[in-house]
Every structure is written in C-alpha cells, then in structure tokens.
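Fold and contact review
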Amino acid sequence: MDPEYAPVNGRKRPQRPQRTHREVADELRARIRSGELRPGQRMPTQAKLADEFGVERGAVRQALRILQSEQLLTNVAKGAPATVAGHPGSALTGPEAPPRPTTAALTPRIAAAFEAEHVQIDAVCLTAISLTLAIGEPLRQIHAGRMKPAKVDVRVLLPGRNIDLAFPVAVEDSADGRRGGRHGGRHGGRGDDPVHERWLAMRNAQGQVLRHGLLALRATHGIDVRVSFRALPFTPPVKLYLLNGVEALFAYYTLSRSEAQIDQENVQTYDAQGTRSALFAFEQGAGMRDSAFVTQSRLWFDALWETISSELQLTS
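Residues numbered from 1 in each chain as written. Predicted model: local features only at pLDDT ≥ 70, side-chain atom pairs only at ≥ 80, totals over all residues. Heavy atoms only, no water.

Some remarks on unusual backbone geometry
Omega for the bond connecting Phe-167 with Pro-168 falls within 30 degrees of zero, at -5°, which places this linkage in the cis form. Looking at the secondary structure, you find Pro-168 in the loop between strand S5 (151-159) and strand S6 (169-170). One non-glycine residue with positive phi stands out, namely Ala-128, at about 75°. As for its placement among the helices and strands, Ala-128 is situated in the loop between strand S4 (118-124) and helix H5 (129-143). In this structure Ala-128 comes out as buried when scored by relative accessible area, which is 2%. For Asn-244, which is not a glycine, the phi torsion comes out positive at approximately 55°. Tracing the sequence through the fold places Asn-244 in the loop between strand S8 (238-243) and strand S9 (247-252). (Helix = DSSP H or I, 4+ residues; strand = E, 2+ residues; numbered from the N terminus. Buried < 20%, exposed > 50% of the residue type's maximum accessible area, 1.4 Å probe, protein only.)

Quick look at the structure:
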C-alpha cells in the first residue's frame, strides 16, 4: 500500500484522486508508442484496466475509444479485449495528429461521449447527416446493454428553411450573385427551387431520424432525453460538434462543383460533401490553445442559440 494513503491511528487518509479517462488514455498511449504493448497484442480486459487504474469501467471504455479514434487500437466495440493496431508507431496523436474525414473520426468520439453519466452534444451543421450516422453507434451499444447514460441533451443548429442558402445551389443561380434562372427565383418562394427543396427534405429527414432514435431511449431504457433544434438565418460555412463541454470537433465545408439528379433532371450544383470534411479535434486540458478553442466554441454556440436563431420545424 502506498504509505501516503495508509491508515494512521486507525483512520484512513483521503483516497488518491481518481484518474480521468484522458489520463488513462495517455498512459495506454505511452505504452503502445514505447512498444510495451506490441502490434497485434491483445489489451488487458476492461475489468483489469479498471482495477489497475482505480477507475470505473466507463472511464476505461472512453479511453479505449479515444485510442481507437487515433488508430492505435482495433476491435474496441466488440466483446473481446481490444487489439493494438498493426502499425501504431506511425499514427500521430495529440496536436501532431492529422485530421480525418468526419465519417471516420466522429463516430468513436460520439461513442466515447456517451460513456458519461450526462451526455451533452451541441452541433452546428448543414443537414445533420454526419451526426445522425455517428449517434447510431452509441444507440446500438445502449440497446445491447453495454452502456446506459442517465441523461442525454442534444442541441442542433441548422439553416432555416426560407433563407437564401449559399450552398447547395444550382451553378446557374449562383453566377454573379443572381437568383432565378430556369428553376425560378427563391425570393418568390422556395417551392420552385428543386435544389433548395432537395436540401430541405434531407435536413428534415435526418433531423427526424436523429430525434426519433434518441427519444426512443425514454421508452426503451428510461433515459432522460432532450433533443432540440433551432434555425440559423445563414448558411454555416463550417461544422462544429461540442461533446460534453470538453471537446470541440471542427471542420470546414469545402465546396465543389458536382452534378445532382433532381426530378429526373441533371443539375449542376455547388455543394459540400460534409461527411468527407476533415475533422480537427480540440480538447480541454490538452494545452492552452485547445482549451481556449473549446471555451470560445461553447460561447459562440450558446450565443447563436440564445440570440439570432429561431424555432425550427422538421416538416415539409
């Protein structure tokens, strides 16, 4: 027993402060990078790691999911112990880690966030496709009985239905700032703009799937769930995800010219592939720069939510 925490005169001294899941991840990452844990080697069970670090299994699972998102571990979500990745030494982590596509980077981080007792997710995005896909994984884990948060709060900011979107937009409608063309002008109503209507249908469908999947946890598992949407009066040029108030994931919407089939007609559009956008991760406690970015991102989101955003209806 550590003498510092040994009983004195029959009285126990205060216990050692429990480690956070990030501290557990840091220690395991160091073991992998040093070669103490070799490529292809199975990790100790979650129960053994929890006992070693003196933490709950939930903290261990969060740590393992972080290392999986950094491509240092595989098979984290499966029943067997996780496995050290084949070439962990080549995977950069922390401030040196390169960004990864949203589809690859968001899911493990969302899943790790759901290990918390109170899950808090805030998002600014164009359609919520990436968020809906990513939340599917923790929903499966909850239904399988592998995790169960007590409370889930999700807030999503999306563009309003009647604004002139900067994108997606038909190429001919965007030239020289003009609106109109063969599809009609959006100022006269959105129903005659098939590109806008296609985006709106996608926004509403993804939002409804996200809301239904989360709210179903009330009936099936007794989890306290709140899902809220508000409308922005502009097209967000970036996407932002805030996880449990301690992590910010940020990506740029990069536009390209593409062709979409709308109403059996091929239409040239300017649009962004949000699921492929490179996602940059910032964490509280990972340095002054990261901590400041997370704090300012939270302030920015809250300001938009409480000021210029308005009620959003996920209907046609």
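Some thoughts on the pairing of strand S12 (residues 278-283)
As judged from the two bridges shared by strand S3 (residues 100-101) and S12, these two strands associate in the antiparallel manner. Directly across from Arg-100, in S12, lies its bridge partner Leu-279. Where S9 lies against S12, four bridges are found, and the strand directions are antiparallel. In the sheet register, Glu-247 faces S12, and the bridge partner there is Glu-283. (Pairing = 2+ DSSP bridges.)

Overview of the sheet that holds strand S7 (residues 224-232)
Backbone-to-backbone hydrogen bonds join strands into a sheet, with any given pair of strands oriented parallel or antiparallel. Reading across from one edge, S3-S12-S9-S8-S4-S5-S7-S13 is the order of the eight strands in this open sheet, with mixed pairing throughout. At either margin of the open sheet sits one strand with a lone partner, and together these are S3 and strand S13 (310-311). Here helix H7 (residues 194-221) sits on the sheet in contact with S5 and S7, set at roughly 165° to S7. (Contact = heavy atoms within 4.5 Å. Axes fitted to C-alpha atoms, helices over the stretch in contact; angles between N-to-C directions.)

Some words on the pattern of salt bridges
This structure, assessed with the given rule, holds 13 salt bridges. Glu-52 is paired through a salt bridge with Arg-31; the nearest N and O atoms lie 2.5 Å apart. Of the two residues, Glu-52 is situated in helix H2 (residues 46-53) and Arg-31 in helix H1 (residues 21-34); the sequence distance between them amounts to 21 residues. Measuring nitrogen to oxygen at the nearest pair gives 3.6 Å for the salt bridge that ties Arg-109 to Glu-283. With Arg-109 in helix H4 (residues 102-113) and Glu-283 in strand S12, this residue pair connects regions lying 174 residues apart in the sequence. For Arg-109, a relative accessible area of 14% puts it in the buried group. On the accessibility criterion, Glu-283 (16% relative accessible area) is buried. (Salt bridge = Lys/Arg side-chain N within 4 Å of Asp/Glu carboxyl O.)

As for H4
For H4, with 12 residues, the first-to-last C-alpha span of 16 Å sits near the 16 Å given by 1.5 Å per residue. The buried count for H4 comes to nine of 12 residues, which makes it a mostly enclosed element. When we look at burial in H4, the residues that qualify are Thr-102, Ala-105, Leu-106, Pro-108, Arg-109, Ile-110, Ala-111, Ala-112 and Ala-113. (Expected span 1.5 Å × (residues − 1).)

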